[in-house]
Amino acid sequence: MKFLSKSPKETQKAAGVLAKKITRKTLQKRTALVLGLEGELGAGKTTFVKGFAKGLGLKNKISSPTFVLIKSYNLKLTTYNNLFHIDAYRLKDHEDLIRLGIKEIFSNPKNLILIEWSDRVRKILPKNYLRIHIDHIDENERKIVIENDK
Ligand SMILES: Nc1ncnc2c1ncn2[C@@H]1O[C@H](COP(=O)(O)OP(=O)(O)OP(=O)(O)O)[C@@H](O)[C@H]1O
Ligand SMILES: [Mg+2]
């Protein structure tokens, strides 16, 4: 899916719609659902995560996990119990994520995980992760491409 966003609000709205769509279906899966967000500094990855969380009715204010690396939020859904927001920008590579316990987080099918700068830890991402790429077009325009690499 490709789409042009003309404002942060539009990006958040699109993310919220995707979040609702994703969490509605109860797929027969044995592992967590992972969404990888790619795009340069200030592309809109955190903005996307904020809209995604809003779409799931999360009241907590989402802030960038740049320094804590991983943040988690409780979800009151039948399909998913926890939302993880990870920022891989400061990680050297996927080994750092392993040290943070990512394998266990990936292993729980009730977990929904969004990773900013996922291209830095691509080696460890599950094969069926959902790739979201955000391109900076101009000040308020972003091209958002969502694809399942499977
Ligand atoms: N259409 C748009 N979609 C998303 N953000 C936009 C858009 N237009 C302008 N912006 C602005 O771009 C910035 C995006 O910042 P954001 O923190 O979401 O980026 P990021 O990709 O997470 O950056 P970082 O790599 O530092 O984590 C915000 O200031 C936002 O207001
Ligand atoms: Mg960010």
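Cut-off values and rules
Residues numbered from 1 in each chain as written. Chains lettered and ligands numbered in written order. Predicted model: local features only at pLDDT ≥ 70, side-chain atom pairs only at ≥ 80, totals over all residues. Heavy atoms only, no water. Helix = DSSP H or I, 4+ residues; strand = E, 2+ residues; numbered from the N terminus. Buried < 20%, exposed > 50% of the residue type's maximum accessible area, 1.4 Å probe, protein only. Contact = heavy atoms within 4.5 Å. Phe/Tyr/Trp six-rings, centres within 6.5 Å; stacked < 30°, edge-to-face > 60°. Salt bridge = Lys/Arg side-chain N within 4 Å of Asp/Glu carboxyl O. Lys, Arg positive; Asp, Glu negative; His and termini not counted. Polar contact = N/O pair within 3.5 Å; in protein donor to acceptor, adjacent residues only side chain to side chain. Patch = residues over 30% accessible without salt bridge, like charges linked within 9 Å, V, L, I, M, F, W, Y side chains within 5 Å. Areas by Shrake-Rupley, 256 points an atom, 1.4 Å probe, with all protein chains shown as cover. Charge placed at Lys NZ, Arg CZ, Asp CG, Glu CD.

*Asks:* Can you walk me through the environment of Ile62 in this structure?
*Replies:* Summarising the element assignment, Ile62 is placed in the loop between helix H2 (45-55) and strand E3 (70-74). On the basis of relative accessible area, Ile62 is assigned to the buried category, the value being 8%. A sequence separation of 55 residues divides Ile62 from Trp117, and the C-alpha atoms of the two residues are 17 Å apart. Ignoring anything within four residues of it in the chain, the contact list for Ile62 reads Val49, Lys50, Ala53, Tyr73 and His85.

*Asks:* Help me understand the packing of aromatic side chains, please; the structure alone is not making it clear to me.
*Replies:* Here a ring pair, both rings aromatic, is described through the centre-centre distance and the interplanar angle of the planes. As enumerated under the stated definition, the model contains one aromatic pair in all. Plain terms: the ring middles of Tyr89 and Trp117 are 4.9 Å apart, the flat faces sit at 40° to each other, and that makes the pair tilted. Separated by 28 residues along the polypeptide, Tyr89 in the loop between strand E4 (82-87) and helix H3 (94-99) and Trp117 in the loop between strand E5 (111-116) and strand E6 (130-138) bring together distant segments of the chain. For Tyr89, a relative accessible area of 31% translates into the label partly exposed. Overall, the relative accessible area of 14% leaves Trp117 in the buried class.

*Asks:* Just checking my understanding: could you explain the pattern of salt bridges for this structure?
*Replies:* A pair can form between side chains of opposite charge whenever their charged atoms are brought close. Taken as a whole and judged by the stated rule, the model has five salt bridges. One salt bridge connects Lys6 with Glu141, and the closest N-O pair in it is separated by 3.0 Å. Placement of the pair is Lys6 in the loop between strand E1 (2-5) and helix H1 (8-24) and Glu141 in strand E7 (residues 141-148), with a sequence separation of 135 residues. For Arg99, the salt bridge goes to Asp96, with nearest N and O atoms at 2.8 Å. With a gap of three residues between them, Arg99 and Asp96 both fall in helix H3, about one helical turn apart.

*Asks:* I tried to follow the side chain of Arg142 on my own but got confused; where do I start?
*Replies:* Mapped onto the elements of the fold, Arg142 is located in strand E7. Buried charge Arg142 goes without a salt bridge, the closest partner of opposite sign being Asp138 at 5.6 Å. From its side chain, Arg142 meets the backbone oxygen of Glu139 in a polar contact 3.1 Å long.

*Asks:* It is not clear to me how a positive patch on the surface should be interpreted in this structure. Could you clarify?
*Replies:* On the surface, Lys9, Lys13, Lys50, Lys54 and Lys61 cluster together into a patch of positive charge. Elements that contribute at least two residues to the positive patch include exactly H1 and H2. With respect to the helices and strands, the residue Lys13 is situated in helix H1. Among the residues examined, Lys13 registers a relative accessible area of 64% and is labelled exposed.

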